[in-house]
Amino acid sequence: MEGLTNVLLILALFFLRLGVPILVTVAIAYGLSRLDAKWRREAEREARAEATARMDEVRPQPAGQPMTIRLPEAVPAGMFAVAGGPPCWDVKSCSEAMRANCAAFRQPTVPCWQARAQAEGRLPATCKGCHLYVPSMATSAGQQPTMH
């Protein structure tokens, strides 16, 4: 009987020496994975809220107003005009100082949104909500849009 007690005692001490630290490590890992999942959910919510806030800043294009592109005779070849309207710097009433720093003003033969995309390396979020932006013509920066 004493041999069985000794074996049980050795097993109990073995579990205490190895099993408890392993169980504590597993519990900590489980807690950290749950904390990581919580932080990821919070980051996703913040990213969605930020994207929604950015989209609220962008003025949506009025519904029911189709965008037509034509090349009037009075405009030099290659210059695009939206529905024969004035250039963007006139629409937005840009000052002379703003015009001097504007990629669209420096490239009047390119649509304003495309000039900004070429200069900045990406299409600014404000361009997507502007009535001068024509999504069907959107191409990667550096390419000239095609007329359909």
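Below is a short write-up of the structure.

**Digging into the environment of Val91**
Turning to step 1, where the next piece is worked out: Relative to the helices and strands, Val91 resides in helix H2 (residues 88–91).
Turning to step 2, where the next piece is worked out: Setting aside residues up to four positions removed in sequence, Val91 forms contacts with Pro86 and His131.

**Description of the nonpolar core**
Turning to step 1, where the next piece is worked out: Counting residues in hydrophobic clusters, the biggest one holds 14 residues, and the most contacted among them are Cys88, Trp89, Ala104, Cys112, Trp113, Ala115 and Leu132.
Turning to step 2, where the next piece is worked out: Those elements that place two or more of their residues in this core are H2, helix H4 (103–106) and helix H5 (112–120).
Turning to step 3, where the next piece is worked out: Looking at this core, the element that brings in the most residues is H5, giving three residues.

**Concerning H5**
Turning to step 1, where the next piece is worked out: Taken together, the buried positions of H5 are Cys112, Trp113, Gln114, Ala115 and Ala117.
Turning to step 2, where the next piece is worked out: Summarising the contacts, the buried residues of H5 are in contact with H2, H4 and helix H6 (125–128).
Turning to step 3, where the next piece is worked out: Just downstream of H5 lies Gly121, where phi reads positive at about 85°.

**Thoughts on a positive patch on the surface**
Turning to step 1, where the next piece is worked out: A cluster of basic residues, Arg34, Lys38, Arg41, Arg45 and Arg48, forms a positive patch on the protein surface.
Turning to step 2, where the next piece is worked out: Within the element layout of this structure, Lys38 appears in helix H1 (residues 2–57).

**Topic: unusual backbone geometry**
Turning to step 1, where the next piece is worked out: Positioned with a positive phi, Ser93 is a non-glycine residue whose angle comes to about 50°.
Turning to step 2, where the next piece is worked out: With respect to the helices and strands, the residue Ser93 is situated in the loop between H2 and helix H3 (96–100).
Turning to step 3, where the next piece is worked out: On the basis of relative accessible area, Ser93 is assigned to the exposed category, the value being 61%.

**Looking at the side chain of Arg99**
Turning to step 1, where the next piece is worked out: Locating Arg99 in the fold gives a position in helix H3.
Turning to step 2, where the next piece is worked out: Those residues within four positions of Arg99 in sequence are excluded, and the remaining contacts are Trp89, Asp90, Cys94 and Phe105.

About the thresholds
Residues numbered from 1 in each chain as written. Predicted model: local features only at pLDDT ≥ 70, side-chain atom pairs only at ≥ 80, totals over all residues. Heavy atoms only, no water. Helix = DSSP H or I, 4+ residues; strand = E, 2+ residues; numbered from the N terminus. Contact = heavy atoms within 4.5 Å. Core = buried A, V, L, I, M, F, W, Y, C linked by side-chain atoms within 4.5 Å. Buried < 20%, exposed > 50% of the residue type's maximum accessible area, 1.4 Å probe, protein only. Patch = residues over 30% accessible without salt bridge, like charges linked within 9 Å, V, L, I, M, F, W, Y side chains within 5 Å. Areas by Shrake-Rupley, 256 points an atom, 1.4 Å probe, with all protein chains shown as cover. Salt bridge = Lys/Arg side-chain N within 4 Å of Asp/Glu carboxyl O. Lys, Arg positive; Asp, Glu negative; His and termini not counted. Charge placed at Lys NZ, Arg CZ, Asp CG, Glu CD.

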